[in-house]
Amino acid sequence: MPETKAGHWFTRHWRWLVPALVATVLLGCAGFVAVVVLGVFGLLKSSTPYTQALALVRSNERVQRAIGEPITPGWLVSGSVHISGSKGNARLLIHISGPKGQAEIVVVATRAEGRWTYAELQVQVQGSGERIVLEGQGRSGDLVKRITPQLQAANVTHRHHIF
């Protein structure tokens, strides 16, 4: 039997080993990015402004007529939620769809003393251009008084104290 030299195996197989190593590194990086992105979307979707807005929209008859039921949120969420102690702010764009069409929920909110106040909460129906204002821009009243019965009717439970 001939004697094998160190590196002999690598010399014969480097053409498939190098691309395999590069592919492994690239897949590892892509997996890491995917985990980070999914984690961020998960945090946005579990935030109080997101869950309150979605519950309010799902129980709104005008939105139900415009896009149909069931109303389902899209996979992607744009925007940000910043919370520092009892203060914070949120700006979200939530894509939703129903059997009759699609729409976007626009949420602009601030948090003071642990309570969220909505400067803007509206649904923009795609295609028709209809805008359904739920809070802000001409609507007055306390969202807390209006949203509590709707959240109870929608059987929404929250992990955080919201009011």
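For clarity, every value in this text was computed on a predicted model and none was experimentally measured.

Enquirer: Before we go on, may I ask you to explain the overall build of the chain in this structure?
Expert: From N to C terminus, the chain includes four helices and five strands. When the helices and strands of the chain are read in sequence order from the N terminus, they spell out α-α-α-β-β-β-β-β-α. Out of the 163 residues belonging to the chain, those deemed buried represent 31%. For the chain, contacts bridging at least 24 residues in sequence account for 44% of all contacts bridging at least 6. Carbon together with sulfur atoms contributes 60% to the accessible area of the chain, which is approximately 10500 Å² in total.

Enquirer: It is not clear to me how the sheet that holds strand β3 (residues 101-112) should be interpreted in this structure. Could you clarify?
Expert: Sheets are built from strands that pair by backbone hydrogen bonding, the pairs being arranged parallel or antiparallel. Read across the open sheet, the five strands follow the order β1-β2-β3-β4-β5; overall the sheet is antiparallel. Where the open sheet ends on each side, the last strands, each with one partner, are β1 (72-84) and β5 (131-135). Neighbour-to-neighbour, the strand axes of this sheet turn through a mean angle of 10°, independent of strand direction. Pairing analysis gives 11 bridges linking strand β2 (residues 87-98) to β3, with the strands arranged antiparallel. Looking across to β3, one finds that Ala90 is bridged to Ala109. In this fold helix α2 (residues 48-58) packs onto β1, β2, β3, β4 (115-125) and β5, with an angle of close to 50° to the strand it touches most, β4.

Enquirer: What am I meant to see in α2 here?
Expert: Helical geometry: 3.6 residues make up each α-helical turn, so side chains three or four residues apart lie on a common side. For α2, a buried count of nine out of 11 residues is recorded, marking the element as mostly surrounded by other parts of the structure. Among all positions of α2, only Thr48, Pro49, Tyr50, Gln52, Ala53, Leu54, Ala55, Leu56 and Val57 are buried.

Enquirer: Mind showing me how you'd approach the pairing of β3 here?
Expert: Regular strands place side chains that alternate from one sheet face to the opposite one. Taking the residues that link successive antiparallel strands as the turn, the β2-β3 hairpin has two residues. Note: β3 against β4, 10 bridges, orientation antiparallel. Opposite Ala109, over in β4, you have Tyr118 as the bridge partner. Here β3 folds back onto β4 in antiparallel fashion, the turn holding two residues, of which Glu113 has a positive phi close to 55°.

Enquirer: When you look at unusual backbone geometry in this model, what are you seeing that I'm missing?
Expert: Most peptide bonds take the trans configuration, and most residues that are not glycine carry a negative phi. Residue Pro70 follows Glu69 across a cis peptide bond; omega there is 5°. As for its placement among the helices and strands, Pro70 is situated in the loop between α3 (61-67) and β1. For Glu113, which is not glycine, the phi dihedral falls at a positive 55°. In this fold, Glu113 is placed in the loop between β3 and β4. Looking at Glu113, the relative accessible area reads 77%, which means it is exposed.

Enquirer: Looking at this model, I keep getting lost on the nonpolar core. Mind explaining?
Expert: The nonpolar side chains of a soluble globular protein tend to be buried with one another. Counting residues in each nonpolar core, the largest one holds 25 residues, and the members touching the most others are Val63, Ile94, Ile96, Ile105, Val107, Leu121 and Val123. Taken together, the elements giving at least two residues each to this core come down to α2, α3, β2, β3, β4 and β5. Leaving out residues up to four positions away in the same chain, Val107 has contacts with Pro49, Ala53, Ala90, Arg91, Leu92, Ile94, Tyr118, Glu120 and Leu121.

Cut-offs applied
- The residue numbering used here restarts from 1 in each chain and proceeds along that chain's sequence as written.
- Reporting of local features is limited, given that this is a predicted model, to residues whose pLDDT is at least 70; pairs of side-chain atoms are given and counted only at 80 or more, and all residues count toward the totals for whole chains, interfaces and linings.
- Computation of side-chain values: all heavy atoms of the structure, hydrogens and water removed.
- Helix numbers and strand numbers start at the N terminus; a helix is a DSSP run of H or I with at least 4 residues, a strand a run of E with at least 2.
- Summary of the burial criterion: residues with accessible area below 20% of their type's maximum are buried, those above 50% are exposed, and those between are partly exposed, where the area comes from a 1.4 Å probe applied to protein chains only.
- In this analysis, two residues are considered to be in contact whenever any of their non-hydrogen atoms come within 4.5 Å of each other.
- Reported accessibility uses the Shrake-Rupley method at a 1.4 Å probe radius. Residues are deemed covered only where the shown protein chains occlude them.
- Think of it this way: DSSP has to see at least two bridges between two strands before they count as a pair.
- The axes used here are C-alpha line fits, helices contributing only the stretch in contact, and every angle between their N-to-C directions lies in the interval 0 to 180 degrees.
- Throughout, nonpolar core names a set of buried Ala, Val, Leu, Ile, Met, Phe, Trp, Tyr and Cys residues whose side chains join them through atoms within 4.5 Å.

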